[in-house]
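Here is what each chain is made of, one letter per residue.
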Amino acid sequence: MTTHRVAVIGAGPAGMATALSVRQAGHDVVLLERYPRARPAGNILNLWPPPIKALGLLGVDATDLGAPCHSEFRTAAGRTRASINLPAEVVRDYGGGFIGLLRPALYERLLAALPPGVLRVDCPVQTVEQDENGVSLALADGEVLEADVVVGADGIDSLVRRTLWGESPKREHHLHIFGGYTFDATAERGLCVVSHDRTVQGSWTSIRHQGRDGFQWWVLTAHDAAAEFTGDLHATATALAAGFAEPLPRLIAATPPEHLQRWVLRDRKPLKQWSRGRATLVGDAAHPTSPYAAYGAGMAIEDGYFLGRRLAGVDLSGYAAVRRALEAFETPRKPHTARQSQQAWLLGKVFHHAPRPLRALRDLVLDHTPLLQKVVGESSPREILDQLDEIDRAERAV
C-alpha cells in the first residue's frame, strides 16, 4: 500500500502540468503513465500566450520552444479574411501571437521539469474508488495506491471520467486531417495561415524545433468516420492542397513520409460538472477539443496550472476543503473550455458540412463582411487576454 496526497493519471501535457503545479503547491504527487514512457500522440502543435505563460510559471523552460507567428485566415487563393491581432506587449512577452512547434519538444521540456520520482511509467490503473476519507487506485500489477485527490488527465477515453460520470458517446466530426512538417523548404517566416476553399482547409505555420527552423502544415476535409481510409497519406494531402496558394503545395512536397500523420476528428460534448468527491478531470478527459480550436494542448496546460494553484494551502485530508477547492478550480474553466470546444465544432460544420447550394453564399459572407473577423479575429484575442488575466489573479492569490 502506497500513499500519496495527489495521484494524477496520464502523463500528457495536462498530467505533467498538473503534477508540476501540485508540487509547487506543496503537496506530494505521483504521476501514473500506462505506457513505458510519456510519449506524444501526434507531431505538429501550436501554443497561444496563456499556456506559454503557465509553462514558465511551472518552471518549464519555454526559451526558443517554438517559432513566433502572426495568425491569419485566408481564402485558398491567399486573400486575407481575418487577422488575429494581439497587443504588442503580449507578442513581445510570449514569443509572438502564438508559437509553432513539434509536440515532442513540449514533452521534452515538461519531462525535464518534473522532479525525480514523480513520474511512474508502465502503471496502468484498473479501477478508481473513493469515499469521503480518500481515494484508492488499483494498478494492473496488483498494487493499491491511496491518495487524498485523484486527477484524471487520461485523455478522451478517460477511465476517471467514466468512473465519475458513466459512459458518454464520442461526437464524430466526420472530418479527418493530414499533417506534417519539413525543414527542407522555404516560405515566409513568422506566419500562421489558415485558409479554406469550398470544402478543404489548407494551413501552414512556421516552427522551431531543437534550434531548427521549419514549417508545419495540415489539410482537413470531410470524411465519414465509419469508413476505412486506405489511401496514401502523402498523395491524398497533395491532392487536397492542389488548389491552394503557395507555399502549401511546396511544403507538402518537401515533407518526408515519416513526418506525416493522419487522424480523425472527434470530441465529447462539454460536461456540466468535472469534479465529484475527491476526483476531478483536466485536459481531454474533461473537454476533448477539435484541432479547429488550436487550443487543446494549451487548455490542458492551463487546467493543470490552475488546479495546482487552487490546491495551494488546502488541507487535503479534509473532504469539505477538497470539494471547495475542486469546485473553485472548475467553475471558471468550464465556460472557457466549453466555448473553445463548441466553436471548434461549429467551425468544422460551417467550413466542411455546409450544403452545396449554401457554400457560395457562405463564402460571399466571409469575403465581404466582417463576420469572420468578429467570430475569430476579435473573440480569440479577448479569450487570450482574459486567460492571461486569470493567471495573474491566480499568482496574486497564492
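Here the structure is a predicted model, which is why all the values come from computation and not from measurement.

Break down the overall build of the protein chain for me, with residues and values.
Helix and strand counts for the protein chain stand at eleven helices and 16 strands. What you see for the protein chain is a C-alpha radius of gyration of 21 Å, in line with the 21 Å of a compact globule of 398 residues. When its C-alpha atoms are laid out on the principal axes, the protein chain stretches across 60 × 45 × 40 Å. Every one of the 398 residues in the protein chain was classed for burial, and the buried ones make up 55%. Put simply, 77% of the contacts in the protein chain that link residues at least 6 apart link residues at least 24 apart. Of the roughly 16400 Å² of accessible surface on the protein chain, 52% is carried by carbon and sulfur atoms. Of the charged side chains in the protein chain, 44 are positive and 45 negative, and the gap between their average positions amounts to 5 Å.

Tell me about the packing of aromatic side chains, and please be specific about residues and values.
Per the stated rule, a full pass over the model turns up seven aromatic pairs. Geometrically, the ring pair formed by Tyr 305 and Phe 306 is edge-to-face, given 5.0 Å between the ring centres and 75 degrees between the ring planes. The burial state of Tyr 305 is the same as that of Phe 306; both residues are buried. The ring of Tyr 35 carries the charged tip of Arg 39 above its face, separated from the ring centre by 4.1 Å.

Before we move on, can you summarise the pattern of salt bridges with the specific residues and values?
What the rule picks out here adds up to 26 salt bridges. For Arg 120, the salt bridge goes to Glu 143, with nearest N and O atoms at 2.7 Å. With Arg 120 in strand S7 (residues 119-120) and Glu 143 in the loop between strand S9 (134-139) and strand S10 (144-152), this residue pair connects regions lying 23 residues apart in the sequence. Linked by salt bridges that have partners in common, Arg 79, Arg 81, Arg 198, Arg 362, Asp 363 and Asp 367 make up one network.

How would you summarise the layout of surface pockets if you had to cite specific residues and measurements?
Roughly 320 Å³ of internal volume is contained in the second largest pocket. In this structure, the second largest pocket is lined by 18 residues; those nearest its centre are Phe 306, Arg 310, Pro 332, Glu 390 and Ala 394. At seven residues, helix H11 (residues 371-397) tops the list of elements feeding residues into the lining of the second largest pocket. Grouping the amino acids of the lining of the second largest pocket by side-chain chemistry returns eight nonpolar, two polar and eight charged.

Describe the state of the cysteines, naming the residues involved and giving the relevant values.
Within the structure shown, the criterion is met by zero disulfides. Cys 192 carries a free sulfur, and the closest cysteine sulfur to it, the one in Cys 69, is 6.3 Å from it. When its relative accessible area of 3% is taken as the criterion, Cys 192 is described as buried.

Lay out helix H4 (residues 103-113) with the relevant residues and their values.
Every buried residue of H4 is listed here: Ala 105, Leu 106, Tyr 107 and Leu 110. Buried residues along H4 sit in contact with helix H1 (13-24), strand S3 (44-47), helix H2 (49-57), strand S6 (98-102), strand S13 (201-209) and helix H8 (296-311).

Any chance you could break down the side chain of His 173 for me, citing the residues and the numbers?
Within the element layout of this structure, His 173 appears in strand S11 (residues 171-182). Within the structure, the side chain of His 173 is placed 3.1 Å from the side chain of Asp 267, a separation counted as a polar contact. Apart from residues no more than four positions distant in its own chain, His 173 is found in contact with Leu 265, Arg 266, Asp 267, Ser 290, Trp 345 and His 353.

Now, about unusual backbone geometry: what can you tell me, with residues and values included?
Note that the residue after Glu 246, namely Pro 247, is joined by a cis bond; omega there is 20 degrees. Relative to the elements of secondary structure, Pro 247 occurs in the loop between helix H6 (233-240) and helix H7 (248-253). The backbone of Gln 210 sits at a positive phi, close to 50 degrees, despite the residue not being glycine. As for its position among the elements, Gln 210 is in the loop between S13 and strand S14 (212-222).

Could you give an account of the pairing of strand S2 (residues 29-32), with specific residues and numbers?
Burial along S2 is two-sided: Val 29 and Leu 31 facing one way and Val 30 and Leu 32 facing the other are all buried. Note: S2 against S7, two bridges, orientation parallel. Bridge assignment links Leu 31 to a residue of S7, and that residue is Leu 119.

Provide a residue-level description of the environment of Trp 165, including the pertinent values.
Counting through the fold element by element, Trp 165 comes out in helix H5 (residues 159-165). The class of Trp 165 is partly exposed, set by a relative accessible area of 29%. Between the C-alpha atoms of Trp 165 and Ser 275, which are 110 residues apart in sequence, the distance is 9.5 Å. Look past the residues within four positions of Trp 165 in its chain and what remains in contact with it is Leu 271, Gln 273, Trp 274, Ser 275, Arg 276 and Leu 281. A polar contact is formed between the side chain of Trp 165 and the backbone oxygen of Gln 273, at a distance of 3.5 Å.

An account of the UniProt feature "domain: FAD-binding" (unreviewed entry) in the protein chain is requested, with residue identities and associated values reported.
In the numbering adopted here, UniProt assigns the feature "domain: FAD-binding" (unreviewed entry) to residues 5-340. Summarising residues 5-340: 29% helix, 31% strand, and an end-to-end C-alpha distance of 32 Å.

I'd love a proper account of the side chain of Ser 379, names of residues and values included.
Topologically, Ser 379 is positioned in helix H11. Take Ser 379: its relative accessible area is 15%, and that puts it in the buried class. Excluding its chain neighbours within four sequence positions, the residues that come into contact with Ser 379 are Gln 343 and Lys 374.

Describe H2, with residues and values.
Summarising burial for H2: seven of the nine residues are buried, a large majority. Restricting attention to buried positions, one finds in H2 the residues Pro 49, Pro 50, Pro 51, Ile 52, Lys 53, Ala 54 and Leu 55. Of the residues one or two after H2, Gly 59 is the one with positive phi, at around 85 degrees.

What counts, and at which threshold
Residues numbered from 1 in each chain as written. Predicted model: local features only at pLDDT ≥ 70, side-chain atom pairs only at ≥ 80, totals over all residues. Heavy atoms only, no water. Helix = DSSP H or I, 4+ residues; strand = E, 2+ residues; numbered from the N terminus. Rg over C-alpha atoms; globule rule 2.2 N^0.38 Å. Buried < 20%, exposed > 50% of the residue type's maximum accessible area, 1.4 Å probe, protein only. Contact = heavy atoms within 4.5 Å. Areas by Shrake-Rupley, 256 points an atom, 1.4 Å probe, with all protein chains shown as cover. Lys, Arg positive; Asp, Glu negative; His and termini not counted. Charge placed at Lys NZ, Arg CZ, Asp CG, Glu CD. Phe/Tyr/Trp six-rings, centres within 6.5 Å; stacked < 30°, edge-to-face > 60°. Lys NZ or Arg CZ within 6 Å of the ring centre and 35° of its normal. Salt bridge = Lys/Arg side-chain N within 4 Å of Asp/Glu carboxyl O. 1 Å grid on protein atoms, 1.4 Å probe; cavity = no way out; pocket = protein on both sides within 12 Å on 5 of 7 lines; lining within 4 Å. Points joined across faces, edges and corners; volume = space filled by probe spheres on them. Nonpolar A, V, L, I, M, F, W, Y, C, P; charged D, E, K, R; others polar. Disulfide = S-S within 2.5 Å. Polar contact = N/O pair within 3.5 Å; in protein donor to acceptor, adjacent residues only side chain to side chain. Pairing = 2+ DSSP bridges. UniProt positions renumbered as here; feature names shortened; annotations may be inferred.

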